[in-house]
Amino acid sequence: MQPLKIYNTLSREKELFQPINAPHVGMYVCGPTVYNYVHLGNVRTFTTFDTLYRYLTYIGYKVRYVRNITDVGHLVGDGDEGEDKVGKMAKLEKLEPMEIVQRYTNDFHKVLEQFNLLPPSIEPSATGHIVEQIQTTQTLIEKGLAYESNGSVYFDIAKYNEQGGEYGKLSGRIIEDLLTETRDLDGVGEKRNPLDFALWKKASPEHIMRWPSPWGDGFPGWHLECTCMSTKYLGETFDLHGGGMDLKFPHHECEIAQAKGTYGIDPVRYWMHSNMLTVNGQKMSKSLGNSFLPSELFAGSHPLLEQAYSPMTVRFFMLQSQYRSTLDFSNDALKAAQKGYLRLINGLRIMKGLEYVSEEGVDIEEKHVAEIQKGVQGCYDGLNDDLNTAVAIAGLFNLVKKINQLYTGQLKSSQIGEETFKLLKDTFIGLIEEVLGLHEEKNSNIDAFASGMLELYREYKEARQYDKVDQIRTYFKSNGLVIKDMKTRIDWAYEE
RNA sequence: GGUCUUGUGGCCGAGUGGCUAGGCAGAGCUCUGCAAAAGCUUCUACAGCGGUUCGAAUCCGCUCGAGACCUCCA
């Protein structure tokens, strides 16, 4: 097993990753609230944890990866007042809330598939776990850590801290500071303390999304679903919990409080937070209006874009930085990433086609062997150092040089020996495809390619070089295409 | 205002108390019918000012700039 180090937000240090029940790993990532299309910033977070999931699996762990869908409880605007995000969109578009949920869940899945993200092991939804959320709320009331107020239930932070709760530990907040800085719009009188957060909210008469509960009709608070679903599927304490940096407070802080309040122990061993994607130095977010939709990126149809960029180019671009750094999005950076990606993929194509050839009288040259070993080790060192994909990619580029040398004959495979050749091939292909999740994007521009061939076909036919003509027909046929040789024009079609 | 992060060459982006990250762009060479690709070589760095140290871009302090969070957010 590789010695993987992970930066734990809780300790603010890189720690050696040691799962509770190796080789099993429990990993939870906060998924999207499905009230709108996912933008590129969202994708960065999910790509980070997809890569982690892939790497853990690659080095031999059996990972149960849970990523939720939040389809209720997330409110518009500040505080615990305001409309439900999904409910609001439903009203605006005159649709059932579940239609909104379905539409944007579908979009989410489609986008992640385009970026070659693996589906999680379990993808639970908040509305599917209302019962669990009511139960947890009830437990917290019984333990004296929550109280009912006018049909809503709030988590009692003061009580929690009296019992050694350490609310604020994850995000480094100090309760007293939070209290003095609390905004006016909070605490509409229902809360004992402005910091208390909702576990269950009473539904006003016009509120669409509502469920019966011991406290009347209502809906669960935003943070509760993650606590219920993570502990249900991964246990009261599990290995990894990930999410965007902006969820650290209050969302993850509240998750800890709820779980620790309910079960008496810290729910998560390693907390991981990925940094933001920025545009011109500013966080990409829906509310700032500087967000890109993946579809706009693929089409190049956003005003800030000079051209279209493919999904793999963008994935590569994201992996070229470390997940805890902000990453700035710009045309120049994307263009450079596109070329870099193609260089890597050309290396991949070549590597797949290369086989070891043993030659008599050719000695192994230690210099080349050492360089390849160094490159391979560099890849693993990078990944093991808090998933530093940027360093891993640098290692891969060093290997590309060797692969190109083998390809052009500047280096013979017998000069590095069969063992090193195998190491090079296995590592290179495995890391690119299985860990980084990058693959060749086949050029599907068949029209332009075929029309060029048809032009040659026409010229050969005019010159009565029928052997060439037949050759081209055979070529088309072997690729599932037929040439349609009509009186007026020549065209191609798929062979039926 | 509070808490925290950050400032690397033309662009992006790693990293480390002393040893060339890498990609893109630029220059030269090799190869080549021409070109491309590829390989080799190479030019631009560590915001500013102090301090610690044999030695700091890397640690500390200050200044300046940028950003995030402080109950919308991945």
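From a predicted model like this one, the values you see are computed outputs, not experimental measurements. (Residues numbered from 1 in each chain as written. Chains lettered and ligands numbered in written order. Predicted model: local features only at pLDDT ≥ 70, side-chain atom pairs only at ≥ 80, totals over all residues.)

Participant: Any chance you could explain the overall build of chain A here in plain terms?
Facilitator: Within chain A, the regular secondary structure consists of 16 helices and 15 strands. Projected onto its principal axes, the C-alpha positions of chain A cover 90 × 65 × 40 Å. Here chain A holds 496 residues, and the buried ones make up 40% of them. Counting only contacts in chain A whose residues sit at least 6 apart along the sequence, the fraction spanning at least 24 positions is 71%. (Helix = DSSP H or I, 4+ residues; strand = E, 2+ residues; numbered from the N terminus. Buried ≥ 20, exposed ≤ 12 C-beta atoms within 10 Å, placed from the backbone. Contact = placed C-beta atoms within 7 Å.)

Participant: What exactly am I supposed to notice about the pairing of strand β4 (residues 62-67) here?
Facilitator: Consecutive side chains of a regular strand alternate in pointing toward one face of the sheet and then the other. With 6 bridges connecting them, strand β3 (residues 24-29) and β4 associate as parallel partners. Across the sheet, Met-27 pairs through a bridge with Tyr-65, a residue of β4. (Pairing = 2+ DSSP bridges.)

Participant: It is not clear to me how the packing of helix α4 (residues 130-142) against helix α7 (residues 224-234) should be interpreted in this structure. Could you clarify?
Facilitator: Two numbers describe a pair of packed helices, the interaxial angle and the distance between the axes. Look at α4 against α7: their axes get within 9 Å of each other, and the N-to-C directions meet at 100 degrees. When the interaxial angle is binned, α4 and α7 end up roughly perpendicular. Of the residues in α7, those in contact with Glu-132, Gln-133 and Thr-136 of α4 are Leu-224, Glu-225, Thr-227, Cys-228 and Lys-232. Here the contact of α4 with α7 is built from residues that sort into 2 nonpolar, 3 polar and 3 charged. (Axes fitted to C-alpha atoms, helices over the stretch in contact; angles between N-to-C directions. Parallel < 35°, antiparallel > 145°, perpendicular 65-115°, else oblique. Nonpolar A, V, L, I, M, F, W, Y, C, P; charged D, E, K, R; others polar.)

Participant: Can you help me understand the UniProt feature "binding site: ATP" (unreviewed entry) in chain A in this one?
Facilitator: According to UniProt, the feature "binding site: ATP" (unreviewed entry) maps to Lys-286 in the numbering used here. For Lys-286, the location among the structural elements is in the loop between β12 (282-283) and α9 (294-299). The contact partners of Lys-286, leaving out residues within four places of it in the chain, are Asn-36, His-39 and Ser-291. (UniProt positions renumbered as here; feature names shortened; annotations may be inferred.)

Participant: Just checking my understanding: could you explain the sheet that holds strand β13 (residues 327-329) for this structure?
Facilitator: The strands making up a sheet associate through backbone hydrogen bonding, with each pair oriented either parallel or antiparallel. Reading across the sheet, the 3 strands line up as β12-β11-β13 and stay open at both edges, with mixed pairing between neighbours. Looking along the sheet, the strands with just one partner apiece sit at the ends: β12 and β13. Pairing analysis gives 2 bridges linking strand β11 (residues 277-279) to β12, with the strands arranged antiparallel. For Thr-278, the partnering residue across the bridge sits in β12 and is Lys-283.

Participant: I'm lost on the confidence of the model for chain A in this one. Help?
Facilitator: Caution applies to low-pLDDT parts of the model: their predicted coordinates are not meant to be read in detail. Per-residue pLDDT for chain A has a mean of 91; in total, 97% of the residues score no lower than 70. Low confidence marks residues 183-187, where pLDDT is under 50. Its contacts with residues over four positions away, or in another chain, come to 6 contacts. (pLDDT = per-residue confidence, 0-100.)

Participant: I keep staring at the packing of helix α2 (residues 85-93) against helix α3 (residues 97-114) and nothing clicks. Help me out?
Facilitator: At a minimum axis separation of 8 Å, α2 and α3 run at an interaxial angle of 105 degrees. With respect to each other, α2 and α3 are oriented roughly perpendicular. Residue-level inspection shows Val-86, Gly-87, Met-89, Ala-90 and Glu-93 of α2 in contact with α3, the latter providing Pro-97, Ile-100 and Val-101. Here the residues of the contact of α2 with α3 sort into 6 nonpolar, 1 polar and 1 charged.

Participant: How do you make sense of the sheet that holds strand β5 (residues 146-149) when you look at a structure like this?
Facilitator: An order of β5-β6-β7-β8 is seen for the 4 strands of this open sheet, with the pairing classed as antiparallel. Lying at the two open borders of the sheet, with one neighbouring strand each, are β5 and β8 (218-220). With strand direction ignored, the average angle separating the axes of adjacent strands in the sheet is 20 degrees. Where β5 and strand β6 (residues 152-155) come together, 4 bridges link them in antiparallel fashion. Bridge assignment links Glu-148 to a residue of β6, and that residue is Val-153.

Participant: I keep staring at the nonpolar core and nothing clicks. Help me out?
Facilitator: Counting 110 residues, the largest nonpolar core has Met-27, Phe-155, Leu-199, Leu-396, Phe-428, Leu-431 and Ile-432 as the members making the most contacts within it. At 8 residues, the largest contribution of residues to this core is made by helix α1 (residues 40-58). Counting contributing residues, this core receives three or more from each of domain 1 (5-274) and domain 2 (288-435). (Core = buried A, V, L, I, M, F, W, Y, C linked by C-beta atoms within 7 Å. Domains from an automatic or database assignment.)

Participant: Can you walk me through the domain arrangement of chain A in this structure?
Facilitator: With domains assigned, chain A is organised as domain 1 (5-274), domain 2 (288-435) and domain 3 (446-494). Relative to domain 2, the C-alpha centre of domain 1 lies at a distance of 35 Å. Of all the secondary-structure elements, those providing two or more residues to the side of domain 1 that touches domain 2 are β1 (5-8), α1 and α3. In terms of residue count, the dominant contributor to the side of domain 1 that touches domain 2 is α1 (11 residues).

Participant: Honestly, the environment of Arg-103 in this entry has me stumped. Any pointers?
Facilitator: For Arg-103, the location among the structural elements is in helix α3. Note on Arg-103: 17 C-beta atoms within 10 Å, which makes it partly exposed. Sequence separation of Arg-103 and Tyr-35 is 68 residues, and the distance between their C-alpha atoms is 8.7 Å.

Participant: What am I meant to see in helix α16 (residues 466-478) here?
Facilitator: What sets the pattern is the α-helix's 3.6 residues per turn: residues three or four places apart point alike. A rise of 1.5 Å per residue sets the reference length of α16, with its 13 residues, at 18 Å; its end C-alpha atoms lie 18 Å apart and thus fit the reference within 8%. Gly-480, located one to two residues past α16, shows a positive phi value of around 80 degrees. (Expected span 1.5 Å × (residues − 1).)

Participant: Looking at this structure, I do not really get the environment of Arg-489. What am I missing?
Facilitator: Note on placement: Arg-489 falls in the loop between β14 (481-485) and β15 (490-494). Taking the C-beta count within 10 Å as the criterion, Arg-489 has 9 such neighbours and is therefore assigned exposed. As for Arg-489 and Arg-458, which are separated by 31 residues in sequence, their C-alpha atoms are 9.7 Å apart.

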